[in-house]
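Observations on the model geometry
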Amino acid sequence: MNERLFSVEEADAELDDLRARLPRIKEARHGLIRTSKRIDEAVGVDGGGVEASDWFRFQQTLKEEIEHLAERGIVLRDPESGLVDFPTERDGRRVFLCWQLGEDRVAFFHEEHGGFSGRTPL
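This section reports on the structure supplied with the text. (Residues numbered from 1 in each chain as written. Predicted model: local features only at pLDDT ≥ 70, side-chain atom pairs only at ≥ 80, totals over all residues. Heavy atoms only, no water.)

Let's talk about the pattern of salt bridges
Defined as follows: By salt bridge we mean one thing: a side-chain nitrogen of Lys or Arg within 4 Å of a carboxyl oxygen of Asp or Glu. Note on conventions: DSSP H or I runs of at least 4 residues are helices, E runs of at least 2 residues are strands, and numbering of each starts at the N terminus. Categorising residues by exposure relies on relative accessible area from a 1.4 Å probe, with only protein chains included: less than 20% of the type maximum marks a residue as buried, more than 50% marks it as exposed, and the intermediate range marks it as partly exposed.
Tallied over the entire structure, the rule returns 17 salt bridges. Between Glu80 and Lys26 there is a salt bridge, with its nearest N and O atoms 3.8 Å apart. Of the two residues, Glu80 is situated in the loop between strand 1 (75-78) and strand 2 (83-90) and Lys26 in helix 2 (residues 15-46); the sequence distance between them amounts to 54 residues. Under the relative-accessibility criterion, Glu80 is labelled partly exposed at 34%. One network of salt bridges, with partners in common, ties together Asp17, Arg21, Arg24 and Glu65.

Next up, the structure:
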(Lines give C-alpha, C1' and ligand atoms only; values in the text may rest on other atoms or scores of the structure.)
Protein backbone atom coordinates (compact mmCIF):
# COMPACT_ATOMS: atom_id res chain seq x y z
CA MET A 1 0.00 0.00 0.00
CA ASN A 2 1.31 3.45 -0.87
CA GLU A 3 1.63 5.98 1.91
CA ARG A 4 -0.72 8.91 1.65
CA LEU A 5 1.07 12.22 1.17
CA PHE A 6 -0.75 15.34 2.35
CA SER A 7 -0.73 18.85 0.99
CA VAL A 8 -1.02 21.59 3.63
CA GLU A 9 -4.62 22.13 2.52
CA GLU A 10 -5.44 18.42 2.89
CA ALA A 11 -3.87 18.36 6.35
CA ASP A 12 -5.80 21.47 7.38
CA ALA A 13 -9.01 19.77 6.18
CA GLU A 14 -8.44 17.01 8.76
CA LEU A 15 -8.21 19.38 11.75
CA ASP A 16 -11.89 19.59 12.71
CA ASP A 17 -12.05 15.80 12.90
CA LEU A 18 -8.80 15.70 14.88
CA ARG A 19 -10.07 18.32 17.33
CA ALA A 20 -12.91 15.91 18.17
CA ARG A 21 -10.91 12.66 18.13
CA LEU A 22 -7.72 13.60 19.98
CA PRO A 23 -9.47 14.43 23.29
CA ARG A 24 -11.29 11.05 23.07
CA ILE A 25 -7.95 9.32 22.52
CA LYS A 26 -6.43 11.10 25.51
CA GLU A 27 -9.40 10.30 27.76
CA ALA A 28 -9.52 6.65 26.65
CA ARG A 29 -5.78 6.34 27.32
CA HIS A 30 -6.16 7.86 30.78
CA GLY A 31 -9.16 5.62 31.47
CA LEU A 32 -7.23 2.55 30.37
CA ILE A 33 -4.33 3.40 32.68
CA ARG A 34 -6.67 4.23 35.56
CA THR A 35 -8.77 1.08 35.24
CA SER A 36 -5.68 -1.10 34.76
CA LYS A 37 -4.43 0.05 38.15
CA ARG A 38 -7.82 -0.59 39.77
CA ILE A 39 -8.02 -4.06 38.18
CA ASP A 40 -4.57 -4.91 39.52
CA GLU A 41 -5.72 -3.85 42.99
CA ALA A 42 -9.10 -5.61 42.80
CA VAL A 43 -8.21 -8.81 40.99
CA GLY A 44 -7.57 -10.67 44.23
CA VAL A 45 -10.97 -9.72 45.59
CA ASP A 46 -13.47 -9.89 42.72
CA GLY A 47 -11.55 -10.59 39.52
CA GLY A 48 -11.66 -6.96 38.39
CA GLY A 49 -15.45 -6.56 38.33
CA VAL A 50 -16.78 -3.28 36.95
CA GLU A 51 -13.30 -1.98 36.27
CA ALA A 52 -12.77 -4.79 33.77
CA SER A 53 -15.80 -3.75 31.70
CA ASP A 54 -14.64 -0.11 31.79
CA TRP A 55 -11.17 -1.25 30.72
CA PHE A 56 -12.59 -3.02 27.67
CA ARG A 57 -14.67 0.04 26.75
CA PHE A 58 -11.64 2.36 26.97
CA GLN A 59 -9.51 -0.13 25.06
CA GLN A 60 -12.10 -0.39 22.27
CA THR A 61 -12.41 3.41 21.99
CA LEU A 62 -8.65 3.83 21.86
CA LYS A 63 -8.31 1.09 19.24
CA GLU A 64 -11.05 2.53 17.02
CA GLU A 65 -9.74 6.09 17.18
CA ILE A 66 -6.13 5.13 16.47
CA GLU A 67 -7.20 2.85 13.61
CA HIS A 68 -9.19 5.72 12.12
CA LEU A 69 -6.12 7.97 12.14
CA ALA A 70 -3.97 5.22 10.62
CA GLU A 71 -6.54 4.60 7.87
CA ARG A 72 -6.44 8.32 7.03
CA GLY A 73 -2.63 8.24 6.89
CA ILE A 74 -2.24 10.48 9.97
CA VAL A 75 0.60 9.62 12.37
CA LEU A 76 -0.22 10.02 16.07
CA ARG A 77 2.99 11.08 17.81
CA ASP A 78 1.80 12.03 21.29
CA PRO A 79 -1.71 11.28 22.53
CA GLU A 80 -1.15 13.37 25.65
CA SER A 81 -0.49 16.65 23.83
CA GLY A 82 -2.46 15.82 20.69
CA LEU A 83 0.58 15.89 18.42
CA VAL A 84 0.16 14.44 14.93
CA ASP A 85 2.17 14.34 11.73
CA PHE A 86 1.07 14.24 8.12
CA PRO A 87 3.52 12.64 5.67
CA THR A 88 4.41 14.87 2.73
CA GLU A 89 7.22 15.71 0.36
CA ARG A 90 9.10 18.98 0.36
CA ASP A 91 11.85 19.83 -2.09
CA GLY A 92 11.95 16.20 -3.23
CA ARG A 93 12.38 14.63 0.23
CA ARG A 94 10.01 12.98 2.67
CA VAL A 95 9.11 15.21 5.62
CA PHE A 96 6.17 15.58 7.99
CA LEU A 97 3.70 18.39 8.34
CA CYS A 98 3.34 18.83 12.07
CA TRP A 99 0.29 19.95 14.06
CA GLN A 100 -0.63 19.95 17.75
CA LEU A 101 -4.05 20.26 19.34
CA GLY A 102 -4.66 23.92 20.12
CA GLU A 103 -2.96 25.26 17.00
CA ASP A 104 -5.18 27.03 14.48
CA ARG A 105 -3.74 25.43 11.37
CA VAL A 106 -0.90 23.30 10.06
CA ALA A 107 1.98 25.77 10.05
CA PHE A 108 5.10 23.63 10.67
CA PHE A 109 7.03 20.75 9.21
CA HIS A 110 10.02 18.69 10.31
CA GLU A 111 12.46 16.33 8.71
CA GLU A 112 11.66 12.63 8.71
CA HIS A 113 13.88 11.97 11.74
CA GLY A 114 13.77 15.48 13.21
CA GLY A 115 10.72 15.30 15.43
CA PHE A 116 8.95 18.08 17.31
CA SER A 117 12.14 19.83 18.37
CA GLY A 118 13.06 20.25 14.71
CA ARG A 119 9.81 21.94 13.72
CA THR A 120 10.27 24.64 11.12
CA PRO A 121 7.61 27.15 10.01
CA LEU A 122 6.20 26.46 6.54
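Still to come is the rest of the account.
Regarding the sheet that holds strand 2
To summarise the sheet geometry, strands pair through backbone hydrogen bonds and adopt either a parallel or an antiparallel arrangement. Note the following rule: For two strands to pair, DSSP has to find at least two bridges joining them.
Overall, antiparallel pairing links the five strands, which are arranged 1-2-3-4-5 in an open sheet. One side of each edge strand has no neighbouring strand; the edge strands of this open sheet are strand 1 and strand 5 (120-121).

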